[in-house]
Amino acid sequence: MNPAQFKHAAALSAEVLTFRQPADAAVSAYFRSHKKLGRQDRGEIAETVFAAIRHYQKIAAAIRRPHAQPEKAVLAALVLGRGFNVSQLENLAGAEEKAFLAALKARKTEFSDGLNTAAELPQWLTDTLRGSGFADEDILTFGRSAARPAPLDLRVNTLKARRDKVLAALQEEGLKAEAAPYSPWCIRLHDKAALHGHPLFLDGTLEVQDEGSQLLALLLGAKRGEIVVDFCAGAGGKTLAIGAMTANKGRIYAFDVAEKRLANLKPRMTRAGLTNIHPERIGSEHDPRISRLKGKADRVLVDAPCSGLGTLRRNPDLKYRQSPNTIAKLVSQQHSILAAAAELTAPGGRLVYATCSILPEENERQAERFLAEHPDFEPLDCAELLAAQKIPLDTGRYLQLNTAAHHTDGFFAAAFQRKEAV
C-alpha cells in the first residue's frame, strides 16, 4: 500500500467505522467522489477498509474510538486483516506506530479480552447467541469463519451451458476455479477475478450467486409448466435460477416492495434468455394485487427480510448495524410475510421459507410457529428433498448451512406442503 492509498483508506475508514450507513454504500459514494482513483487503488483501499470492519473488535480493544483515529485503525487492519508485517509498513508508520503494531501482533486475543473480541463479534450478538443456546466454542467458530473474506461463487445457467464445460474454460484461462460440492450449477472461484466484463457473464451463461442461495432454488424444486412465486425476489438471483430449472416453461412471478431491485432483474432476465419471469412491485405482503394467485401457485419461495447475519463474510458491518430491537421487528415482519405467502400455495403445492440468518428466532422458531398456526400445511424433510436431486447434504429436517462447515453463507430453510383438500 502506498501513502496515497493509505490516506484514502484512512479518510474512508473515519466514515465507515461509525457504522451510520451500509459500508458498501459508503465505499461506492467515496469512489464516485474520487473518480481519479484507478482500479488497483480502489481494490487496495476497499480491501483495507473491509479488513478494518472484519477485525473491528480487536482494533477497538487496542484503540479507543477507532473512527477518530483512522490512520491507526488502518495500520491495525493491514496487520490483523491483510497479513502485513510491520517491516512492510516502513513508508506508512513512524516509530510510535511500529511499537503499537508490534504490541498488537504480540497480543493474545483468545478469551482474555472477552469472547466478543476473540470471535470478532459485538457484545450484543455474543449475548444473543448465548441466549439462543450457542456454546462459546461454537460462537468462536462462527465469528472466526465469518471474519474471513468469501470466495466468489458462480451459477452456470443451464439454459446456455453445462458446468463441466464452463469450469474447464475458466481453468484454461488460468483461474483458480473448482466445482462446488453441493449445487450442481455452482463454480467457486478463489481468485479476485473481475468477471463483469467476461464474455460468459455478458452473455448470461454465468451469474454471481452463493452456493447456499442456489440450494434454496433446488429445494423449491420447480418443474416445467408450473406457477411459481418468488415472494421477496429482490434483484432476482434465485428467480433466475428457478427460471433455468423450469426451462423457460411455466410462469414465475417475482414480487418485491423495491422498484429499484426489480428493475435490476429485467436486464438480467434478458441476458439469461428467460421470458417466463414476470416482475411486479407490490406495496406490502398484503397488496390486493397478489390475491389473484390465492391457492394457485405450485411453488412459493419466501426468502424473507432478515438480519443477514449469515452473510457477514460479505457484509461484515451488518453485525454493528443490527440490534435486538431490529431483530424483533424483522421477526414480526417475517411472520406476516410467511402467512401471506402461504395463502398463494395451491393444495399439494410446496412452500419454502428461508433466511440468511443463524438466529433461531428468525429460523426454526418461525417454522414451528407457522406449522402451529397453519394445520393445512405439513413439514417436508429438506435432506430428503435434496437427496432426491442427488445432492449429498443432510442437515436434518431443516436446511441449516454455516460458513465454517459448508463454506457457504449462513442459510436456513424450512419446506412445507399444503395438504390436499379432503
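Below or above, wherever it landed, is the structure these notes cover. Because the structure is a prediction, the values reported are computed rather than measured. All residue numbers refer to position in the chain's written sequence, counted from 1. Reporting in this predicted model follows two pLDDT cut-offs: at least 70 for local features of residues, and 80 or more for side-chain atom pairs to be given and counted; totals over whole chains, interfaces and linings ignore these cut-offs and use all residues. By convention in this description, side-chain values take in all heavy atoms of the structure and omit both hydrogens and water.

1. Structural notes on the overall build of the chain
Applicable threshold: Strands are runs of DSSP state E lasting at least 2 residues, helices are runs of H or I lasting at least 4, and numbering of each runs from the N terminus. Radius of gyration here is computed from C-alpha atoms only, and the compact-globule reference equals 2.2 Å multiplied by the residue count raised to the power 0.38. Only protein chains enter the accessibility calculation, which uses a 1.4 Å probe; a residue is then buried when its area is under 20% of its type maximum, exposed when over 50%, and partly exposed in between. Contact between two residues is taken to exist if any of their heavy atoms lie within 4.5 Å; hydrogens are not considered. Note on areas: these come from Shrake-Rupley sampling with a 1.4 Å probe, and a residue is covered only by the protein chains present in the view.
Counting its secondary structure elements, the chain contains 19 helices and twelve strands. For the chain, the C-alpha radius of gyration of 23 Å lies close to 22 Å, the compact-globule estimate for 422 residues. For the C-alpha atoms alone, the extent of the chain along its principal axes is close to 80 × 50 × 40 Å. A burial count over the chain gives 55% of its 422 residues as buried. Considering only residue pairs separated by 6 or more positions, the chain has 72% of its internal contacts joining residues 24 or more positions apart. A total accessible area of about 18,300 Å² is found for the chain, and carbon and sulfur atoms account for 51% of it.

2. Some details on the packing of aromatic side chains
The description of an aromatic ring pair uses the distance of the two centres, along with the angle that the planes make with each other. Put simply, the test is: Put simply, two rings from Phe, Tyr or Trp (the six-membered ring, in Trp's case) pair if the centres are within 6.5 Å, and we call them stacked under 30 degrees between planes, edge-to-face over 60, tilted for the rest. Note on geometry: a ring has a charge over it if NZ (lysine) or CZ (arginine) is within 6 Å of the ring centre and within 35 degrees of the ring normal.
Under the criterion given, the structure shown has nine aromatic pairs. Between the aromatic rings of Phe19 and Tyr56, the centroid separation amounts to 5.1 Å while the plane-to-plane angle is 85°, which identifies the pairing as edge-to-face. Residue Phe19 is found in the loop between helix H1 (3–16) and helix H2 (23–32), and its partner Tyr56 is found in helix H4 (residues 56–62); the two are separated by 37 residues along the sequence. As far as burial versus exposure is concerned, Phe19 and Tyr56 are alike and both buried. Between Tyr398 and Phe412, the ring centres sit 5.2 Å apart and the planes meet at 50°, which makes this aromatic pair tilted. Placement of the pair is Tyr398 in the loop between helix H18 (382–387) and strand E11 (399–401) and Phe412 in strand E12 (residues 411–418), with a sequence separation of 14 residues. Joined through ring pairs, the aromatic side chains of Phe19, Tyr56 and Tyr320 make up one cluster. The ring of Phe100 carries Lys72 above its face, with NZ or CZ at 4.8 Å from the centroid. Above the face of the Phe201 ring, Arg271 is positioned so that its terminal group lies 4.7 Å from the ring centre.

3. Some details on the state of the cysteines
What counts, and what does not: Here, two cysteine sulfur atoms that lie within 2.5 Å of each other are counted as a disulfide.
With the rule as written, the count across this model stands at zero disulfides. Of all cysteine sulfurs in the structure, the one in Cys356 sits closest to Cys306, which takes part in no disulfide; the separation is 3.4 Å.

4. Focus: the environment of Ala387
Among the structural elements, Ala387 can be located in helix H18. Taking the relative accessible area as the measure of exposure, Ala387 reaches 49% and is therefore partly exposed. The sequence separation of Ala387 and His34 amounts to 353 residues, and the corresponding C-alpha distance is 50 Å.

5. What about the pattern of salt bridges?
Counted only if it meets this: By definition here, a salt bridge exists when the distance from a side-chain nitrogen of Lys or Arg to a carboxyl oxygen of Asp or Glu is within 4 Å.
Going through the model one piece at a time under the given rule, you end up with 24 salt bridges. With a shortest N-O distance of 2.7 Å, Arg188 and Asp153 are connected by a salt bridge. Of this pair, Arg188 sits in strand E3 (residues 186–189) while Asp153 sits in strand E1 (residues 152–156), placing them 35 residues apart in sequence. Close ionic contact of Arg261 with Asp256 constitutes a salt bridge, the shortest N to O distance being 2.7 Å. For Arg261, a relative accessible area of 38% corresponds to the partly exposed category. What makes Asp256 buried here is its relative accessible area of 5%. Bridged by salt links that share partners, the residues Asp210, Arg313, Arg314 and Asp409 form one connected network.

6. Looking at the sheet that holds strand E4 (residues 206–208)
Think of a sheet as strands paired side by side through backbone hydrogen bonds, with each pair either parallel or antiparallel. We apply this condition: Any two strands between which DSSP finds at least two bridges are classified as paired. Note on method: axes are straight lines fitted to C-alpha atoms, helices fitted across the in-contact stretch only, with angles between N-to-C directions ranging 0 to 180 degrees.
Strands sit in the order E2-E3-E1-E4 across an open sheet of four strands; the sheet is antiparallel. For this open sheet the edge positions go to strand E2 (177–179) and E4, each flanked by a neighbour on one side alone. Taking the axes of each pair of neighbouring strands and ignoring which way they run, one obtains an average angle of 30° across the sheet.

7. Side note on the environment of Leu12
By secondary structure assignment, the location of Leu12 is in helix H1. Judged by its relative accessible area of 0%, Leu12 is buried. Sequence separation between Leu12 and Val27 is 15 residues; the distance between their C-alpha atoms is 7.2 Å. If near-sequence neighbours (up to four positions away) are discounted, Leu12 is found in contact with Ala26, Val27, Tyr30, Ile45 and Val49.

8. Description of the environment of Leu167
If you trace the backbone, Leu167 turns up in helix H10 (residues 163–172). On a C-alpha basis, the gap between Leu167 and Val156 in space is 9.2 Å, while along the polypeptide they are eleven residues apart. Ignoring anything within four residues of it in the chain, the contact list for Leu167 reads Ala177, Glu178, Ala179 and Ile187.

9. Observations concerning H10
As a reminder, the rule being used: Note that the arc is defined by the directions from the helix axis to the C-beta atoms.
Residues of H10 that are buried: Val166, Leu167 and Leu170. All buried residues of H10 project into a common sector of 100° when viewed along the axis, lining one side. Exposed residues lying more than 90 degrees from the buried face of H10 are Lys165 and Glu172. Close packing links the buried residues of H10 with E1, E2, E3, helix H11 (199–202) and E4. In the segment just after H10, Gly174 is the residue with positive phi, at about 95°.

10. Digging into helix H17 (residues 364–373)
Among the residues making up H17, those that are buried are Gln366, Ala367, Phe370 and Leu371. Buried residues along H17 cover an arc of 130° about the axis, so they all sit on one side. Each element contacted by the buried residues of H17 is listed here: helix H16 (324–342), strand E9 (345–355), strand E10 (377–380) and E12.

By themselves, these figures tell us nothing about what the structure is for.
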